[in-house]
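Residue strings, one per chain:
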Amino acid sequence: SGLAQASESRNLTVGPAAVISFETGRAVLTQSSRNQLKELVAKARAEGKIAEIQVAVWSDNPVPRDGEQLSKPDRTLAAKRGDAIRNYLKRPLRISDIDSYNMAERASWLARMFDTVEAELKSEIGHGGSEPMSREEFGIFRDKGKPSTAVALVILKK
């Protein structure tokens, strides 16, 4: 398949993912969310070497549609949630390569892609800025993400 070829060419593979829930209006990681992130990293490390963790973060509202923008408080809330996850992954979990996507921002490549037919998916970003995000990665964010959550996806080195 095309996905397998794309993954082989970059020696990376899609690893485990977790959906982290947030309380409405809050950006604090609950004990349950911290446990989920710990389990995600432990599972990923058991499967191989972690290349990076991609995190897509939502506010309490859906991804803005084309031509729309969520409020500044929505964008700020999603950004703070992303920071909370990134900080927890860095310390104490010692993950250094974390890519974060604020889904409340229309300018987010991933947010724009939610309006794009999957067959037309063109990638502008990716691993190290040079490799495209695969359809598999995009599909995980699209299928699992929703308001008041973040999706953390591990990319493993083969």
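Residues numbered from 1 in each chain as written. Predicted model: local features only at pLDDT ≥ 70, side-chain atom pairs only at ≥ 80, totals over all residues. Heavy atoms only, no water.

### Here we look at the overall build of the protein chain
The helix and strand inventory of the protein chain stands at 5 helices and 4 strands. Mapped in sequence order, the helices and strands of the protein chain form the string α-β-α-β-α-β-α-α-β. The proportion of buried residues among the 158 residues of the protein chain is 45%. Sequence separation of at least 24 residues holds for 73% of the intrachain contacts in the protein chain that already meet a minimum separation of 6. Carbon and sulfur atoms provide 48% of the accessible area of the protein chain, an area that totals close to 8000 Å². (Helix = DSSP H or I, 4+ residues; strand = E, 2+ residues; numbered from the N terminus. Buried < 20%, exposed > 50% of the residue type's maximum accessible area, 1.4 Å probe, protein only. Contact = heavy atoms within 4.5 Å. Areas by Shrake-Rupley, 256 points an atom, 1.4 Å probe, with all protein chains shown as cover.)

### Describing the confidence of the model for the protein chain
Segments scoring low in pLDDT should not have their predicted coordinates read at a detailed level. Taken over all residues, the pLDDT of the protein chain has a mean of 82, while the share at 70 or more is 77%. Predicted confidence for residues 1–9 stays below pLDDT 50, and this span has 6 contacts to residues more than four positions away or in other chains. In the model, residues 117–130 has pLDDT below 50 throughout and makes 31 contacts with residues more than four positions away in sequence or in other chains. (pLDDT = per-residue confidence, 0-100.)

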